[in-house]
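# Structure at a glance
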Number of protein chains: 2
Amino acid sequence: MELLKERIRKEGKVLPGGIIKVDGFLNHKVDTKLLAAMAEEFEKHFDLSEATVVLTAEASGIALATLCANRYGLPLIYAKKAKSDNIEGGLLRSEIYSYTYKKKVTLLVSAEWLKPTDKVFIVDDFLANGEALRGLCEIVSAAGAELVGVGVAVEKGFQPGGKKLREAGVNLKSLAIIESADENGIIFREE
Amino acid sequence: MELLKERIRKEGKVLPGGIIKVDGFLNHKVDTKLLAAMAEEFEKHFDLSEATVVLTAEASGIALATLCANRYGLPLIYAKKAKSDNIEGGLLRSEIYSYTYKKKVTLLVSAEWLKPTDKVFIVDDFLANGEALRGLCEIVSAAGAELVGVGVAVEKGFQPGGKKLREAGVNLKSLAIIESADENGIIFREE
């Protein structure tokens, strides 16, 4: 998606360790107009006519997923993050490792809101190691629901998450895939 | 806002200790159409013509604040929650007590994104003890910015947050104020 790549080129900051900061328009200060355009763009890549719900994980996926759900006329569910020792009943759960917080967290969705009849479109802002998305896919499986696809704003193509998901047969579309990012600039994967 | 009150009456669950669960449409599974109607409703109560940014706190405020920002054509900023020992530079911060997590948390906003020239509309899904909103107001002050008003979806009128904010002169509008909630049902404040 050219509009997104332009913003990353113009405003993205590359920090040591391959960290790409886009917190001026994606995940701290948020340009909702750009996110709404992303929600529209996903419709070109996925058949969402049968989807029944948009699923994301708190917190940074919520803004994009909200605009997707609103555009497609679907409910949104966001998985909550809890410490891995937090145990309750009636919950769908998946343990993931958070590279941001450097600890295990558990993604939780109430079993009340995700059913075997659901067809789920997963949305997230970032894909790097793919732990959050692996966890969301596991929750869809645990619910006995069907995965329609996974829509991501920015994928770090030099980290393994995207490759793992595609090899697992997930219908994944990232609107911008960063092939490399260093002091020389940001290079996107050709599509 | 009658539409919201109807949903709370129909789908809200009252748990012991005055806890009101509305996680089927507001803060876990989310009815974005209802939230979009709330964003529209705020326009009847606030003059947002001069506002420059919508501010909320992660995670449960983000969905409503996103639809507000998108409707008003404004950027969204969401304050991040960190443990209170997490110290970095260039940040606006406020220490609050989280009754949900029963611990102190620090609300953080990058000083890069909130400036003295900003006129801020704060949005949140819930108002009970008012700690999150007090923290967001403090961050607006710390930035030297101007507070336009505070829009809330559901206020628990039997807890002190709303009263404290109003007494402090904050222009606060809650779309539904719950006066009492117990096994006999939910009673709203007359307006």
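Use the structure listed above.
So, a few notes on the structure that sits alongside this text. Note that the structure is a prediction, hence the values are computed from the model and not measured.

Here is what the cut-offs are and how they apply
Counting of residues starts from 1 at the beginning of each chain's written sequence and follows it residue by residue. Labels follow written order: the first chain is A, the first ligand is 1, and so on. pLDDT decides what is reported in this predicted model: residues at 70 or higher carry local features, side-chain atom pairs at 80 or more are listed and counted, and totals for whole chains, interfaces and linings draw on all residues regardless. Superposition of the copies used a least-squares fit over C-alpha atoms from residues whose pLDDT is at least 70 in both. Once C-beta atoms are placed from the backbone, any two residues with those atoms within 7 Å are in contact. Charged means Asp, Glu, Lys or Arg here, nonpolar means Ala, Val, Leu, Ile, Met, Phe, Trp, Tyr, Cys or Pro, and polar covers whatever is left, Gly included. Counting from the N terminus, the helices are the DSSP runs of H or I reaching at least four residues and the strands are the DSSP runs of E reaching at least two. Put plainly, a residue is buried at 20 or more neighbouring C-beta atoms within 10 Å of its own, exposed at 12 or fewer, and partly exposed in between, counting only other residues' C-beta atoms, which are placed from the backbone. Pairing between strands is defined by DSSP: at least two bridges between them are needed. Simply put, an axis is a line fit to the C-alpha atoms, just over the touching stretch for a helix, and the angle between two N-to-C directions goes from 0 to 180 degrees.

Under the fitted operation, chain A is carried onto chain B by 0.0 Å of movement along the axis and a turn of 180°, and the coordinates agree to an RMSD of 0.0 Å. Taken together, the rotation and translation relating the two chain copies correspond to the operation of a two-fold axis. Taking the C-alpha atom as reference, chain A places Ala59 of chain A closest to the rotation axis, 2.5 Å from it.

It is worth spelling out the interface of chain A and chain B at this point. Listed by partner, the interface residues are 23 residues for chain A and 23 residues for chain B. Across the side of chain A that touches chain B, the residue classes break down as 12 nonpolar, six polar and five charged.

A cis amide bond links Glu58 of chain A with the next residue in sequence, Ala59 of chain A, at an omega value of 0°. Relative to the assigned elements, Ala59 of chain A resides in the loop between strand E4 (53–57) and helix H3 (62–72).

Okay, the environment of Gly185 of chain B next. Following the sequence through the fold, Gly185 of chain B ends up in strand E11 (residues 185–188). Gly185 of chain B sits 176 residues away from Arg9 of chain B along the chain, and the two C-alpha atoms are 7.9 Å apart.

Regular strands have side chains that alternate between both faces of the sheet. Residue and element names in this part refer to chain B. Here strand E8 (residues 119–127) lies mainly inside the structure; eight of its nine residues are buried. Judged from the three bridges that link them, strand E4 (residues 53–57) and E8 form a sheet pairing that is parallel. Note that in E8 the partner of Val53 across the bridge is Val120. As paired elements, E8 and strand E9 (residues 146–156) share eight bridges and run parallel to each other. For Phe126, the partnering residue across the bridge sits in E9 and is Val154.

What follows is about the environment of Thr56 of chain B. Residues and elements named next belong to chain B. Relative to the helices and strands, Thr56 resides in strand E4. Its 28 C-beta neighbours within 10 Å are what place Thr56 among the buried residues. Put simply, Thr56 and Asp125 are 69 residues apart on the chain and 9.1 Å apart in space, counted from C-alpha to C-alpha. In contact with Thr56, not counting residues within four places along its chain, are Gly61, Ile62, Ala65, Tyr78, Ile122, Val123 and Asp124.

Moving on: the packing of helix H1 (residues 2–11) of chain B against helix H2 (residues 32–45) of chain B. Residue and element names in this part refer to chain B. Taken N-terminus to C-terminus, the directions of H1 and H2 make an angle of 145°; their axes are 10 Å apart at the nearest point. Residues Leu3, Leu4 and Arg7 of H1 pack against Leu34, Ala37 and Met38 of H2. Each residue belonging to the contact of H1 with H2 can be placed in one class, and the counts come to five nonpolar, no polar and one charged.

Moving on, we come to the pairing of strand E7 (residues 103–110) of chain A. All names here are of chain A. Sheet analysis places strand E6 (residues 91–98) next to E7, joined by eight bridges and oriented antiparallel. Note that in E7 the partner of Glu95 across the bridge is Thr106. Linkage of E6 to E7, two consecutive antiparallel strands, is achieved through a turn of four residues, within which Lys102 is found at a positive phi near 55°.

What follows deals with the environment of Leu35 of chain B. Among the secondary structure elements, Leu35 of chain B is positioned in helix H2. The contacts of Leu35 of chain B, once residues within four sequence positions are left out, are Val30, Ala63, Leu64 and Leu67 of chain B.

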